[in-house]
Structure formats: C-alpha cells, structure tokens
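# Observations on chain architecture
One-letter residues, chain by chain:
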Amino acid sequence: MASVRRSLLGGVAVVALATVASSAMAQAGNEWPTYGGDKSNTRFSTLDQINTGNVKDLKVVWMHSLGSNDSQESTPIIVGDTMYVTSSTGPKYVFALNARTGEKIWTYQPELPGDYMSTVCCGLDNRGVAVANGMVFFGRLDAKLEALDAKTGKHLWTKTVADYRKGYAITSAPLIVKDMVITGMAGGEYGVRGFVSAYKQSTGELVWKTYTIPGEGEPENDTWKGDSWKTGGGSTWGVGAYDAGRNLVYWSTSNAGPWGASTRGNDSSDIGPYSNKWTSSQLAFDADTGKIVWGYQYTPHDTWDYDGINEAVLTELSLGGQKVPVMMHADRNGFFYVLNRETGKLLAADPFVTVNWASHVDLQTGRPVEAPNNEKRPQLGKWARNVCPNLIGGKNWSPMSYSPQTGLVYLPAFNMCMDIKNREEEYSPGKFYLASEFDLGMAGASGSNLAEFIAWDPVAMKKAWSIPEDYMWASGAMTTAGGLVFYGNLEGKFKAVNAKTGEVLWQFNVGTGITQSAVSYSIDGKQYIAVTAGRLKGPPSFFGKLGQKMMAVSPEGGVLVVFAL
C-alpha cells in the first residue's frame with residue numbers, strides 16, 4: 001500500500017465570492033459519460049433544446065423495466081447512442097439499450113452468492129456503471145468489481161475488492177481515471193476499515209489501495225483510542241471526483257465505527273486527541289499512487305452517524321478577484337462547505353438546514369463548535385434530545401447539481417431531528433456494530449414539510465429559493481443550459497423547474513418514488529431527459545410511523561423513463 005501523508009489545514013475568513021465557469025471542467029453535452037455528468041460531479045448539461053419556454057411540451061418517448069423492485073438509484077450512462085443502466089438488488093441486471101428507442105442491445109445478470117443480502121445495511125442499492133475503452137465497470141453488493149465488453153456484454157474479469165461476509169459491499173459507480181478504474185466501498189455500520197482502491201482497466205490488477213483510517217505507525221493513528229482503529233468505519237460508499245490538472249482524486253468518508261464513541265475516545269465534546277481521522281472527512285488522493293495529499297474532517301469524533309460521504313462538486317470561484325479552485329460539499333451534519341480543492345483549506349461553512357448540535361464551524365480551527373455541556377452529543381447511557389439534523393442528515397447521498405449559468409447549487413434537503421444515545425456493544429464480524437439507539441421519527445422545526453428542494457447561493461451562503469416537499473427524500477438534481485433544473489420526489493412526481501426562480505414549469509408522475517438525479521443527452525440533434533424510478537425500501541424502516549407514511553405514498557417499482565419534446 002502506498003505510504004500516506006496527512007494534514008488538516010486551517011481556514012481563512014470568508015470574502016465575497018463570485019462564480020465563474022471553469023474552462024477546466026468538461027461538462028456533459030451530447031453524452032452523459034460518467035456518474036456526475038462530468039468528473040467534477042456538476043450534473044450540468046450544456047444542452048438547451050429543452051428550455052423554460054418549451055418544457056411544458058415534454059412527453060414520454062420510451063420506458064424500460066429495470067427488473068427489480070428494490071430502491072432504484074442508478075444513473076444511466078450514455079456513450080454514443082448506447083445507454084448503460086443497472087437495476088437494484090445486486091445489481092440484478094446490467095442493461096445496454098438503444099438510447100433512441102429503448103431497444104435492448106444486451107443484458108447481463110451477475111451471479112451473486114445467496115447470502116449477500118445479510119450483510120448489506122440500508123437497501124439493496126446499485127448506483128450505476130462506469131464506461132471507458134470499450135468496457136463497462138460496476139461494483140456489486142458482494143464487494144466485487146466486474147468488467148464487461150461494452151458492445152456485447154461479455155464478461156471480461158471480476159475482482160474481489162473485500163470480503164462481503166465481514167460487512168463490505170459496493171453500492172456506487174466507480175470512477176475512471178487514466179487507465180484505472182477506482183472504487184470505494186460500503187460497510188461503516190459493520191466495523192470495517194474503510195479504503196479506496198484502484199485497478200487496471202485491462203486486467204483488474206490492483207494498482208493501489210489506501211485505507212482511510214491510519215494503522216499502527218502511520219500519521220494520525222494516535223487520533224484513535226487503543227486499537228479501535230481496526231473497526232473504525234470510514235467507508236467510502238459514495239462517488240469520487242477527479243481534477244485532471246492537479247491529478248487529484250477526491251473521495252469523502254463515512255461515520256466512525258461504532259456510532260457510540262466511548263470505545264474510540266473521550267465520549268465527550270472535549271474530544272482531546274481523539275478526532276478519529278479520517279472518518280466523516282474529505283480526502284484528496286494522488287491519482288497515480290493513492291497517497292493522501294490532504295484531508296479535512298467535517299465531524300471530528302462523530303457520534304451522530306453524520307456520515308460524510310456526500311459528493312464533492314468541483315468548480316472555480318473568484319475570491320477577492322482571483323480564481324480559486326474549490327470543491328463544494330453539502331454535509332449530513334447540516335453545513336455547506338467550500339474548500340480549496342488544491343490545499344484542503346476551509347473557505348466557508350454555513351448551515352443550509354436547521355442545525356442545533358453545533359453553533360457554527362470555526363474558520364480558524366476548521367472544527368464545529370458544539371452545543372455546550374454535551375447537550376446535543378449522545379454519550380454512553382445518556383440521551384441527547386431533539387438533535388438536528390438527524391442521522392439521515394441535512395442532505396443524504398442523492399446528488400446535488402451546480403449550474404454555471406446561475407451560479408447556484410441545487411440540492412435535496414431534510415427537515416428532521418432525532419433522540420439518540422450510546423450503549424455498550426461487542427464487535428462481531430458481519431453483524432451491525434452501532435453501540436447506539438435512537439428515535440428518528442421526529443419532524444424538524446421549520447414547518448410541517450419533512451424535506452425541501454433548495455437552490456443554494458455559494459457566494460452569499462444562503463438559500464436563493466426553495467420548494468417544500470411533504471415527504472423525505474426529494475431526489476437528486478440535474479441542471480441544463482436550457483435554464484432548467486430537474487428533480488423528483490417520493491410521490492413519483494418528476495419536475496422541471498425554472499433554475500433562476502424556482503417556478504415549477506412541468507411535472508409528470510412516473511408512478512413510483514424517485515431518489516436519483518436525472519440525466520440528459522442528445523442523438524441526431526434531439527435532446528432527451530432520462531430518470532430511473534423505484535421508491536425507497538430500506539431507509540424508511542428506521543423512521544417508525546413517518547417511515548410507514550413514506551412507503552405508503554407510492555408503490556415499489558423499477559422503471560427507466562425517457563422524455564423528449
């Protein structure tokens with residue numbers, strides 16, 4: 001494994017920010033070649049045939065069954081005139097479709113072990129594929145990475161990334177960098193030790209593997225009490241980003257394990273040396289070696305399950321008249337962060353939802369300033385009441401989008417709080433390792449709606465506009481040069497919104513809940529909008545009566561719906 005260098009870089013006072021389009025960021029156009037539209041995760045399409053003036057005429061042009069009814073979270077990938085999309089449950093299927101008509105080109109069904117479902121935390125998710133050099137790559141819930149021939153669907157190779165029986169899984173699409181395919185892994189609720197690993201596309205040979213939690217003899221290992229680092233979480237189940245100019249790969253990390261903090265530190269807001277790096281953090285890796293170039297920790301000594309895996313969105317902002325390369329991140333802990341993506345320096349951190357576990361983030365230390373007297377920090381045998389946001393977060397995995405046209409970020413947010421306390425629990429491989437109990441079925445303070453879709457101004461660090469949603473889990477966002485932002489909700493309503501004003505211009509009910517972002521592409525001069533739909537199944541089970549209401553608003557499903565004028 002490559003040696004690592006770790007450092008937390010402090011902050012500077014926030015100055016006025018003005019957005020500028022970055023010529024270094026290649027945005028999605030006729031194709032949608034990667035999970036985030038581009039490797040900067042902006043989910044912005046330069047297509048404008050469908051716009052604010054004609055979106056009212058959008059119609060369904062074809063549909064395709066995904067063949068499973070668990071939560072559908074896949075992002076379709078379009079290369080040339082072919083669409084590649086996965087289903088949930090393993091994935092159960094990988095499809096190659098004619099992107100004009102939906103006609104099937106090939107279908108591949110992985111062979112998974114019969115017991116893989118027993119060690120998957122929170123839904124049988126698959127978020128899609130990566131495509132490069134005539135190959136299709138995808139991760140599996142049994143913690144394997146697989147490669148197929150893009151034209152025929154023929155199996156090329158399979159690599160075991162980790163042992164699924166110990167709680168490891170792969171839920172998100174991998175990242176293509178040069179001749180490598182790079183993947184993270186899930187398992188933060190099972191006492192795993194997180195990592196990111198890179199493989200040769202041609203053979204599946206391991207190029208590098210870097211653990212997110214430092215082992216004995218590595219820098220920052222002393223931020224862990226005793227040998228708690230061995231089961232410390234820090235999984236990497238979200239998606240990566242890549243800055244080719246700086247040759248940096250960005251990946252964020254999950255909660256510390258177990259959630260209860262007494263085994264790994266002071267179990268107090270006075271965390272002392274036990275920040276538990278690099279959990280609930282943002283990391284930048286050298287793409288060639290896997291060495292950690294810098295790290296920033298969103299939630300030190302996390303005991304709320306403020307899982308920091310949400311995507312990094314890369315762009316450039318103007319600070320005092322100078323262009324600065326930045327990454328933006330809306331964290332589960334309720335703060336919206338802007339970091340210098342070259343150095344890791346904190347530039348801004350402001351709440352985008354109701355936050356009471358901390359008053360603010362100190363820009364000099366980079367650390368959140370917690371509520372006094374451990375009031376909102378759960379401890380061993382002690383409840384913390386009405387903690388906002390709850391552990392599902394101010395924002396969860398559903399991706400946000402950045403539009404260089406408006407300079408706004410569009411994201412789904414939650415209005416939820418919780419009661420939570422820590423308890424003693426023994427580690428057992430392949431079983432939940434939480435050391436925590438909780439009540440998540442608590443609406444937040446800001447009205448009766450449980451969620452909202454937000455347009456966030458990263459210059460003023462405040463909402464530009466928002467749309468209340470009755471139920472949790474508004475979907476991810478996708479913006480276009482036609483002045484539009486698309487998103488869906490748990491009821492199955494797919495909406496087109498004026499990106500400047502927040503006016504809903506069009507909507508269509510697909511019949512089952514939507515959580516993933518839409519995509520856009522063009523073939524023969526015709527623009528299409530595509531979205532996968534299939535109501536959440538796993539997470540609502542944690543929410544008691546509120547969760548039951550979530551599951552009642554739309555049926556389970558599994559469908560890909562494609563629209564055009």
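Look a little higher up for the structure.
Residues numbered from 1 in each chain as written. Predicted model: local features only at pLDDT ≥ 70, side-chain atom pairs only at ≥ 80, totals over all residues. Heavy atoms only, no water.

### Some remarks on the pattern of salt bridges
Keep this limit in mind: What counts as a salt bridge is simple: a side-chain nitrogen of Lys or Arg found within 4 Å of a carboxyl oxygen of Asp or Glu. A simple rule labels every residue: compare its accessible area, found with a 1.4 Å probe on the protein chains alone, to the largest value its type can have, and call it buried under 20%, exposed over 50%, or partly exposed in between.
If you walk through the whole model with that rule in mind, you get 25 salt bridges. The closest approach of N and O atoms between Arg140 and Glu146, which form a salt bridge, is 2.7 Å. Each member of the pair, Arg140 as well as Glu146, carries the same accessibility label: buried. In this structure, Asp243 and Arg341 form a salt bridge, with 2.7 Å as the shortest nitrogen-oxygen distance.

### Details of a nonpolar patch on the surface
What counts is decided by this rule: Exposure above 30% relative accessible area and the lack of any salt bridge qualify a residue for a patch; like charges then connect within 9 Å, and the nonpolar side chains Val, Leu, Ile, Met, Phe, Trp and Tyr within 5 Å. Exposure was quantified through the Shrake-Rupley algorithm and a 1.4 Å probe, taking into account, for residues, occlusion by the shown protein chains and nothing else. Numbering goes from the N terminus for both helices and strands, where a helix is a DSSP run of H or I of at least four residues and a strand is a run of E of at least two.
Taken together, the side chains of Val60, Met63 and Phe508 make up a nonpolar region of the molecular surface, amounting to roughly 250 Å² of accessible area. By the secondary structure assignment, Val60 is in strand S3 (residues 59-65). Its relative accessible area of 31% is what places Val60 among the partly exposed residues.

### Some details on the environment of Asn266
Going by this rule: By definition in these notes, contact holds between two residues if any of their heavy atoms fall within 4.5 Å. We define a polar contact as two N or O atoms separated by no more than 3.5 Å, with the added condition that, inside protein, one atom must be a possible hydrogen donor and the other a possible acceptor, whereas residues neighbouring each other in sequence contribute only through side-chain atom pairs.
Tracing the backbone shows Asn266 in the loop between strand S17 (248-252) and strand S18 (281-286). Under the relative-accessibility criterion, Asn266 is labelled partly exposed at 37%. Distance in space between the C-alpha atoms of Asn266 and Lys225 is 8.5 Å, their sequence separation being 41 residues. Not counting the four nearest positions on each side in its chain, Asn266 is found in contact with Ile271, Gly272, Tyr274 and His301. Within the structure, the side chain of Asn266 is placed 3.2 Å from the backbone oxygen of Ile271, a separation counted as a polar contact.

### Let's talk about the nonpolar core
For clarity, the threshold we go by: What is meant by a nonpolar core is a set of buried Ala, Val, Leu, Ile, Met, Phe, Trp, Tyr and Cys residues, joined one to another through side-chain atoms within 4.5 Å.
Counting residues in hydrophobic clusters, the biggest one holds 93 residues, and the most contacted among them are Phe336, Val338, Leu411 and Trp473. Ignoring sequence-local partners within four residues, the contact set of Leu411 consists of Ala330, Phe336, Phe352, Lys395, Met400, Glu452, Phe453, Ile454 and Trp456. By size, the runner-up hydrophobic cluster in this structure holds 49 residues, among which are Val94, Leu97, Val510 and Ala530.

### Quick look at the state of the cysteines
Convention followed: Any pair of cysteine sulfurs within 2.5 Å is marked as a disulfide.
Scanning all chains against the criterion turns up two disulfides. For Cys121, the disulfide goes to Cys122, at an S-S distance of 1.9 Å. By relative accessible area, Cys121 is classed as partly exposed at 23%. The connectivity of the disulfide bonds within the protein can be written as 1-2, 3-4, using the sequence rank of each bonded cysteine.

### Observations regarding the environment of Arg423
With respect to the secondary-structure elements, Arg423 resides in the loop between strand S29 (416-422) and strand S30 (436-443). Sequence separation of Arg423 and Leu434 is 11 residues, and the distance between their C-alpha atoms is 8.6 Å. Not counting residues up to four positions away in its chain, the partners in contact with Arg423 are Leu380, Ala435, Ser436 and Glu437.

### A few points about the packing of aromatic side chains
Stated formally: Think of it this way: a Phe, Tyr or Trp ring, Trp meaning its six-membered ring, pairs with another when their centres are within 6.5 Å, and the plane angle makes it stacked under 30 degrees, edge-to-face over 60, tilted otherwise. By definition here, charges over rings are those cases where NZ of Lys or CZ of Arg is within 6 Å of the ring centre and within 35 degrees of the ring normal.
Across all of its chains, the model carries 32 aromatic pairs by this definition. Ring centres of Tyr306 and Trp357 lie 5.4 Å apart, and the angle between their planes is 50 degrees; on these two criteria the pair is classed as tilted. Taken together, the residues Tyr306 in the loop between strand S19 (292-297) and strand S20 (313-319) and Trp357 in the loop between strand S23 (346-351) and strand S24 (358-361) connect sequence positions 51 residues apart. We note that Tyr306, like Trp357, is buried. Taken together, the aromatic side chains of Tyr296, Tyr298, Trp304, Tyr306, Phe335, Tyr337 and Trp357 make up a single cluster linked through ring pairs. Over the ring of Trp397 we find Arg127; its NZ or CZ atom is 4.6 Å from the centre of that ring. Positioned over the ring face of Phe195 is Lys209, at 4.2 Å from the centre of the ring.

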